[in-house]
Structure formats: structure tokens, C-alpha cells
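# Coordinate analysis (summary)
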Amino acid sequence: MSLTAGIVGLPNVGKSTLFNAITNSRVEAANYPFATIEPNVGVVEVKDERLINLSNLFEPERTIFTTFEFTDIAGLVKGASNGEGLGNKFLANIREVDAICHVVRCFEDQDISHVYERIDPVDDIEIINFELQMADIASCENRISKVEKKALNQKEKEAVFEYNLLKKVHEALGRSENIRNLDLNKDEVEYLKQFNFLTAKPVIYVCNIKEEEINNPSANKHYLEVMQYAQKEGSQVVPISAKIEEELSDLSKEEKQEFLSELGINSSGLDELIIKAYKTLGLETFFTVGKDECRGWTFKSGYTAPQCAGIIHSDFEKGFIKAEVYTYEDIMEYKTEAKLKEAGKIRLEGKEYHPKDGDIMFFRFNN
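Cut-off values and rules
Think of each chain on its own: its residues are numbered from 1, step by step along the sequence as written. In view of the model being predicted, local features appear only for residues whose pLDDT reaches at least 70, and side-chain atom pairs are presented and counted only at 80 or more, with totals across whole chains, interfaces and linings using the full set of residues. In computing side-chain properties, one takes all heavy atoms of the structure into account and sets aside hydrogens as well as water. Note: two strands are recorded as paired if DSSP finds a minimum of 2 bridges between them. Numbering of helices and strands starts at the N terminus; helices are DSSP runs of H or I of at least 4 residues and strands are runs of E of at least 2. Here the axes come from fitting lines to C-alpha atoms, over the contacting stretch only for helices, and the angles between their N-to-C directions go from 0 to 180 degrees. Any residue with an atom within 4 Å of a point lines the site, the site being either a cavity, points on a 1 Å grid over the protein atoms alone where a 1.4 Å probe fits but cannot get out, or a pocket, an open set with protein on both sides within 12 Å along at least 5 of 7 lines. Grid points are joined across faces, edges and corners, and a volume is the space filled by probe spheres set on the points. Residues are grouped as follows: Ala, Val, Leu, Ile, Met, Phe, Trp, Tyr, Cys and Pro are nonpolar; Asp, Glu, Lys and Arg are charged; every other residue, Gly included, is polar. Roughly parallel covers angles under 35 degrees, roughly antiparallel covers those over 145, roughly perpendicular covers 65 to 115, and oblique covers all other angles. The sense of a crossing depends on the near helix, which, turned anticlockwise from the far helix by less than a right angle, makes the crossing left-handed and, turned clockwise, makes it right-handed. Here, residues are in contact when the closest pair of their heavy atoms is within 4.5 Å. Here a helix's expected span is defined as the number of its residues, less one, multiplied by 1.5 Å. Relative accessibility under 20% of the residue-type maximum defines a buried residue, over 50% an exposed one, and the middle range a partly exposed one, all with a 1.4 Å probe and only protein chains included. In plain words, nonpolar cores are sets of buried Ala, Val, Leu, Ile, Met, Phe, Trp, Tyr and Cys residues tied together by side-chain atoms within 4.5 Å. The pairing test for Phe, Tyr and Trp rings, Trp by its six-membered ring, is centres within 6.5 Å, and the orientation test on the planes gives stacked under 30 degrees, edge-to-face over 60, and tilted for anything in between. Whether a charge lies above a ring is judged from NZ of Lys or CZ of Arg, which has to be within 6 Å of the ring centre and within 35 degrees of the ring normal. By the criterion applied in these results, polar contacts are pairs of N or O atoms within 3.5 Å in which, for protein atoms, one can donate a hydrogen and the other can accept it, and in which residues neighboring in sequence qualify only through two side-chain atoms. We count a salt bridge whenever a side-chain nitrogen from Lys or Arg sits within 4 Å of a carboxyl oxygen from Asp or Glu. Along the chain, pLDDT gives the predictor's confidence residue by residue, from 0 to 100.

## What about the sheet that holds strand 1 (residues 4-8)?
The six strands lie next to each other as 2-4-1-5-6-7, forming an open sheet whose pairing is mixed. The open sheet has two edge strands with one neighbour each: strand 2 (40-45) and strand 7 (236-240). Taken over all neighbouring pairs, the strand axes of this sheet differ in orientation by 25° on average, direction set aside. Here strand 5 (residues 99-105) runs beside strand 6 (residues 203-208); their pairing, made up of six bridges, is parallel.

Shown next as C-alpha cells:
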């Protein structure tokens, strides 16, 4: 399952520096607007501590972590929806991602210019929200014009449903509301997915703060302002020092842990970002284990056992019979599958079973 988070923000807020840290690559991070012209894509291994422990237990030939894809999208500016800056090209790039990591600058530095010559992260957020809303209004109006005639004739139920839904969305966008914050039912949310609206995508606000504030982000007034803003719309917030994260990306595991300890924190901001990205997108992980391979698999919360089997191979879903299931906690306690069987901790689950985060599964299927 390939899912992507797009890193967006105004120019010079730390997006490319953050991307460097995420992928341990070196995309251009020059100190001027529009340094990033083409979107840069990086696939990140999610270093799940549970999979590391399972590999230590089973000693497989290979260990395969789940992955998460980040796209570094060049800086938007006021007027992007009308083609300002690099305009609609960026909006199209955002349209392709599943979630948005919105980086905002929460630090003062006279050596790094701000495109609007002030530090006001909430205003920065609203500039980009406005551009995304304008783009969605245009998409909405385009679709309404195509379905309006059918809907007003009252002959096609789907056309009527679509027209009324789009009118509701259009009115909300006109009030500067984001689609993700609207009170929509399950059918409406599902129907809107086909239009790939920008403001329907879930957002994580990434506050780029000073290095010396990383162990106490609440000391940063701008971070607190973003927290308050995000709470109103139910979005996640992650404090990060992009500079520190880039330094950490060059270190070994032992050096990284030592550096984090010196900073007075337990985990990096990037680790927290990935955790919150998973939570925001409703993602969970199941594992398959054995002497040949231990592997993590990403699935959507609410998937059935056959759907999870289909992530491994479509034939597994089509021919699904049963799944042998046990928990990560149980294998770490009992150490071997033989002892799990003796203790009655391995169970058979059918087509209606909804796997839990951390389940270890073996699928039985017909060829």
C-alpha cells in the first residue's frame, strides 16, 4: 500500500531541509524562493521497534520494514490559485498526495529571509489554506456546471445528490471553510473522494522551531499559536527543528540516541511525524514472520482479513480461507510459536475478522 504525504509551505520555512532529513538525501535547500522546482519524492523506511524485536527473535534472512512516501513540493505563495509563483503546477502536485504536512516557520533568523518579511505562522497557514480553497472552488464550479442541468430535471438521483452536495461544499468554501472540517456523512465523504479536493486532505502542521527549544516547544509562542489553530480544526501538530533532524540523519543509531539524550528528548521529530502521519491517515501495521523473512505491512484501519491478505498478493484475497493470528505481545512473552500453540494463543480467524495493529498473521488460501 503506497501512501504519500506532501510537504508544503511558504518559501524558506524549512521544507527542503526537512525533506533532506526524511530521506537522508540532498535536494537543493537554497535560501531563496522557488529553489525547489520539481517535486522530490523520497521513500522512508518506518523503523518499527516491534519489527526489529521480531527479527531479533526469528533471525530471518531479511527484514523488510513498511515504507511511507514523502513528496517535497516547492513553496506556494499568495495568488498561487491564479498562477502566481509556480502556481497551478504546485496545486496539481498537492492533488496527488494522501495527506499534507504543512511546514510553518516558528523561528526568527535575520540570515534567512521570509517571503513576507515577518514571522506569523498562523497567517502563513491561512495564506495557503486560502489558495487551496480557491482552487477547490474552481474545481467545484466546473463540476457543478456539468451536473446542474441533469440535477434540476430531477430525473437522475445521483445527479441530484451530487449537485446538492457540491453546492453545500461550494458554500462552505466561500465561507473560507476547509472540506475536511465539514459535517459530512459517510456517503458524502466517499462520493467526494473522486474529485480529489485539496482542502479535503488531512493536514499535519509541522512547526519548525529553534534547536534550543526542541526539548520544550511550549516555550515558543508561535508553536502555541499553531497548536491553538490546529485544535479548532482537529489537526495534528509536530514540533521539529529541521536543522537538528538533518544532522541526526547522518548519524548511526547509537550516535543518534546519544545526541537525542544530550538534547533531552526521547525520539526525533521525524519519528513523531511518521507516527502522526499514520494516525492521520488511519494506518496500522500487521506482520508476517519466519526464518526467510520478517516483514511489516501497512493497512487501513477497518480492513478485513481478506483485504489484508490482498495487500500481500491479490490471489491471497481471492482464495482466502482462514488467517492464523497471534499478537506481538504474546510472541514477545512466549518467544516461540510452539509455546504459543501450547498456551492456546494462536487462533484461526475468518473473512469477517478485522486485524488489529500489531497482529502477526499467516494466511491460508486456495490457489
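## Quick look at empty space enclosed by the protein
With the rule as written, the count across this model stands at one cavity of 30 Å³ or more. By volume, the largest cavity amounts to about 40 Å³. Together, Val8, Ile100, His102, Ile128, Asn129, Leu132, Arg180, Val203 and Tyr205 line the largest cavity. Counting only elements with at least two residues in the lining of the largest cavity, the list comes to strand 5, helix 4 (121-152) and strand 6. Here the lining of the largest cavity takes three residues from helix 4, the largest share from any one element. Along the lines of polarity and charge, the residues of the lining of the largest cavity split into six nonpolar, two polar and one charged.

## Brief notes about the packing of helix 4 against helix 5 (residues 157-174)
Close contact between helix 4 and helix 5 brings their axes to 9 Å; oriented N to C, the two are set at 150°. Judged by the inter-axis angle, helix 4 sits roughly antiparallel to helix 5. Classified by chirality, the crossing of helix 5 by helix 4 is left-handed. Note on element contacts: helix 5 touches helix 4 through Ala159, Val160, Glu162, Tyr163, Leu166, Lys167, Val169, His170, Leu173 and Gly174, opposite Gln133, Asp136, Ile137, Cys140, Glu141, Arg143, Ile144, Val147, Glu148, Lys150, Ala151 and Leu152. Split by residue class, the contact of helix 4 with helix 5 holds twelve nonpolar, three polar and seven charged.

## What to know about helix 5
Structurally, the α-helix is built with 3.6 residues per turn, so residues lying three or four positions apart point the same way. Compared with the 26 Å implied by 1.5 Å per residue over 18 residues, the 26 Å span of helix 5 between its first and last C-alpha is a close match. Those residues of helix 5 not exposed but buried are Ala159, Val160, Glu162, Tyr163, Leu165, Leu166, Val169, Ala172 and Leu173. Of the surrounding secondary structure, the elements contacted by the buried residues of helix 5 are helix 4 and helix 6 (186-192). Ser176 lies just past helix 5 and shows a positive phi near 65°.

## Section: the nonpolar core
Soluble globular proteins tend to bury their nonpolar side chains together. Residues Leu18, Phe68, Phe70 and Leu273 are the most contacted members of the largest nonpolar core, which totals 59 residues. Among the elements that take part in this core, helix 4 stands out by supplying six residues, more than any other. Residue contacts for Phe68: discarding those within four places in its chain leaves Leu3, Ala5, Gly42, Val43, Val44, Val46, Ala277, Tyr278, Leu281 and Leu283. Among the nonpolar cores identified, the runner-up in size contains 19 residues, and Ile137, Ala159, Leu173 and Leu182 belong to it.

## Here we look at the layout of surface pockets
When its volume is computed, the largest pocket comes out at roughly 1100 Å³. Lining the largest pocket we find 35 residues, and of these Glu45, Val46, Lys47, Lys256 and Asp271 sit closest to its centre. Those elements giving two or more residues to the lining of the largest pocket turn out to be helix 1 (15-23), strand 2, helix 2 (49-58), helix 8 (242-248), helix 9 (253-263), helix 10 (269-280) and strand 8 (283-288). When its residues are assigned to classes, the lining of the largest pocket shows 14 nonpolar, ten polar and eleven charged.

## Observations concerning the packing of aromatic side chains
Remark: the centre distance and the inter-plane angle together describe each pair of aromatic rings, the angle taken between the planes. In the structure shown here, the tally under the stated rule is eleven aromatic pairs. The interplanar angle of 15° and the centroid separation of 6.3 Å between the aromatic rings of Phe286 and Trp297 together place this pair among those described as stacked. Of this pair, Phe286 sits in strand 8 while Trp297 sits in strand 9 (residues 293-300), and the two are eleven residues apart along the sequence. One aromatic cluster in this structure is built from Phe286, Trp297, Phe299, Phe320 and Phe363. Lying over the aromatic face of Phe107, Arg105 brings its terminal NZ or CZ to 4.6 Å of the ring centre. It is Arg295 that lies over the ring of Trp297; its NZ or CZ is 4.0 Å from the centre.

## Here we look at the side chain of Asn20
Residue placement: Asn20 occurs in helix 1. Within the structure, Asn20 has its side chain in polar contact with the side chain of Glu246 (distance 3.0 Å).

## Observations concerning the pattern of salt bridges
One pass over the structure, following the stated rule, counts 14 salt bridges. With its nearest N and O atoms 2.4 Å apart, the salt bridge here joins Glu162 to Arg143. Here Glu162, found in helix 5, pairs with Arg143, found in helix 4; they are 19 residues apart in sequence, far enough to count as distant. Residue Glu162 is classed as buried on the basis of its relative accessible area of 3%. Of the residues examined, Arg143 reaches a relative accessible area of 30% and is grouped as partly exposed. A salt bridge links Lys193 to Glu190; the nearest nitrogen and oxygen atoms lie 3.0 Å apart. Judged by relative accessible area, which is 46%, Glu190 ranks as partly exposed.

## Considerations on the confidence of the model for the protein chain
Counting all residues, the mean pLDDT for the protein chain is 88, and 89% of those residues have values of 70 or more. Per-residue pLDDT stays below 50 along residues 26-37; that stretch engages in 36 contacts with residues further than four places along the chain or on separate chains.

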